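These are the residues of each chain, in order.
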Amino acid sequence: MNNNQTDSLILSHPFFSPKISLGGRRRRSLIFIFELLMEKTMMMKKKKTPFSIPQHCCFLLSLFSIVASTRSHNYADALTKSLIYFEAQRSGRLPYNQRVTWRDNSGLTDGLEQGVDLVGGYYDAGDHVKFGLPMAFTVTMLSWGIIEYGEYIAGAGELEHAIETIKWGTDYFIKAHTSPNVLWAEVGDGYTDHYCWQRPEDMTTSRQAYKIDENNPGSDLAGETAAAMAAASIVFRKTNPHYSHLLLHHAQQLFEFGDKFRGKYDASIGVVKNYYTSVSGYKDELLWAAIWLYKATDNHRYLSYVVDNADLFGGVGWSITEFSWDVKYAGIQVLVSQLLTDEKHTKHKSILEQYQSKAEYYICSCLNKNNGTKNNAGFTPGGLIYIRQWNNMQYVSSGSFLTMIYSDLLHKSNHRKLKCHGGDVTPRELLQFSKSQVDYILGSNPMNMSYLVGFGPRFPTRVHHRGASIVSYRENKGFIGCTQGYDNWYGSKDPNPNIVVGALVGGPDHNDEFFDRRGNYMQTEACTYNTAPLVGIFARLNYLQNTILHASF
């Protein structure tokens, strides 16, 4: 392609429309960027990569237009703060490099009554119970973010922090998996915990631990924990191969345990029912674990499990409009769809395409492009995905993650378009949608409020969080009793004395309205699995912002 052809191709792109005013310097800069992209794609052609060069370059220019034509935020800052949040949620003895300085050691006797060391792990939200199912999903999503976008996280200087965040969780899972068919599922219980409003350092509530075993099965919990450890084993494969192997060993044992002794964990552990009931059952978690084990081991036994149980376990039967700590089907379907880019999976192409069809149903639902309202996710007037009243932001962050992953997948699949009932969708449009949801979170919304705490000029200041709402233990070590926190801190109209930086709160209601009150837990409580999917997204958007937008000036 000669220079005249290059100029013609560039100027034919919608970004260079006569309606868009571009100075000569900026136009020359963009042409320079394009020529660099051309050089890169020529190299790809020599390697026989199946991309059309003009098509590939126009896609990259489309990425430029996404970043340049809409309001963008400081995604690097958001990435840093999202990882800091997990340090506020740590249980156990805090390390020397702890950055959240208003926290201190807590839960140091967890498991003692049962004769097992269960010190460590994460508190899931604004209370102090360690729930195994959402903790494991948090680690799975953090690991998936690094697997997909690790180079961008590293480029932002946050890879070490991201890996430390995962390891804090997996170290705990290793402790909790005390024998092949025993997994400690929970420490503390919601009933006694919610009766008190205390700092974690002052806890006087029950720290009883609960387990699943052969007589008290929990295939959903075993499966999710297996998925988390398998995904994390991929993250540690190069930097810590011994630890990676250890995680994989535990993951395989947990999968076998969950598959052999089947049952819902909330049927075995009654105290969890009002907090993290496994509504979807355990079949999705077994498929989820199997596909992650296949990615971690390349052992076709696990792929055969996913294929053979596709119909029986709902993998190709369920059409889903949400992805969460409970319902894993959309995540499974997207992971399986990625396999279709590799020719070695041709043997199972028919079943894998059925999984992909369901993945695309989910993606189309996020874009409101399925046929019929009930087949689509809801939306607020401001354009935010809206699934349900309580902690809706968890569905926004997970949906944004999967749509971004699928945008990349379409691009790798020779720039294929997604075919929805409401029309075709390009990879660029999917990326734009994901970015729009993230930008809403960061402040581009009717309330002009960032729902990522500590980010931007305006964010929630009365987060429903025990530790954040009470004076720091490091400032005042005087004991605060069980109900004393309710008397002196919970009902206060003052902002929290401590900021839970990086926490993604439950967010606005169906009319984009948000009420920043500590007692409004449906909107102001944050959870680890809300923030976890954002880590990879922030890194990806930061990369696009830096390499494309900043290069034009």
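Everything numeric here is computed off the predicted structure, so don't read it as measured data.

Q: I'm lost on the overall build of the protein chain in this one. Help?
A: Along the protein chain, the regular secondary structure elements total 21 helices and seven strands. Counting the 553 residues in the protein chain, one finds 61% classified as buried. Here the analysis covers contacts within the protein chain between residues at least 6 apart in sequence; of these, 73% occur between residues at least 24 apart. Summed over its atoms, the accessible surface of the protein chain is roughly 21,700 Å², and 51% of this surface lies on carbon and sulfur atoms.

Q: How should the pattern of salt bridges be read in this particular structure?
A: Oppositely charged side chains can pair when the atoms bearing their charge come close. Counted under the stated rule, the structure contains 23 salt bridges. Here Lys-328 ties to Glu-285 by a salt bridge, and the two come within 2.7 Å at their closest N and O atoms. One end of the pair, Lys-328, is in the loop between helix 12 (300–308) and helix 13 (329–339); the other, Glu-285, is in helix 11 (residues 283–297), and 43 residues separate them in sequence. The same class applies to Lys-328 as to Glu-285, namely buried. Between Glu-353 and Lys-349 there is a salt bridge, and its shortest N-O distance comes to 3.9 Å. Here Glu-353 and its partner Lys-349 are both found in helix 14 (residues 349–366), four residues apart, which amounts to about one turn of the helix. Residue classification places Glu-353 among the partly exposed positions, given a relative accessible area of 37%. Among the residues examined, Lys-349 registers a relative accessible area of 42% and is labelled partly exposed. Residues joined in a network through salt bridges with shared partners are Glu-87, Arg-90 and Arg-99.

Q: Please explain the packing of helix 5 (residues 132–155) against helix 8 (residues 219–235) as it appears in this structure.
A: When two helices pack together, you describe them by how their axes are tilted relative to each other and by the distance separating the axes. With their axes 8 Å apart at the nearest point, helix 5 and helix 8 run at an angle of 25 degrees to one another. Viewed along their axes, helix 5 and helix 8 adopt a mutual orientation that is roughly parallel. The crossing of helix 5 and helix 8 is left-handed. Packed against helix 5, whose contacting residues are Gly-132, Leu-133, Ala-136, Phe-137, Val-139, Thr-140, Ser-143, Ile-146 and Ile-147, the element helix 8 presents Asp-220, Leu-221, Glu-224, Thr-225, Ala-227, Ala-228, Ala-231, Ala-232, Ile-234 and Val-235 at the interface.

Q: What exactly am I supposed to notice about the confidence of the model for the protein chain here?
A: Low pLDDT means the predicted atomic positions in that stretch should not be read closely. Counting all residues, the mean pLDDT for the protein chain is 89, and 86% of those residues have values of 70 or more. With pLDDT under 50 throughout, residues 1–29 is counted as low confidence; its partners more than four residues away or in other chains account for 37 contacts.

The rules behind each value
Residues numbered from 1 in each chain as written. Predicted model: local features only at pLDDT ≥ 70, side-chain atom pairs only at ≥ 80, totals over all residues. Heavy atoms only, no water. Helix = DSSP H or I, 4+ residues; strand = E, 2+ residues; numbered from the N terminus. Buried < 20%, exposed > 50% of the residue type's maximum accessible area, 1.4 Å probe, protein only. Contact = heavy atoms within 4.5 Å. Areas by Shrake-Rupley, 256 points an atom, 1.4 Å probe, with all protein chains shown as cover. Salt bridge = Lys/Arg side-chain N within 4 Å of Asp/Glu carboxyl O. Axes fitted to C-alpha atoms, helices over the stretch in contact; angles between N-to-C directions. Parallel < 35°, antiparallel > 145°, perpendicular 65-115°, else oblique. Left-handed = near helix turned anticlockwise from the far one by under 90°. pLDDT = per-residue confidence, 0-100.

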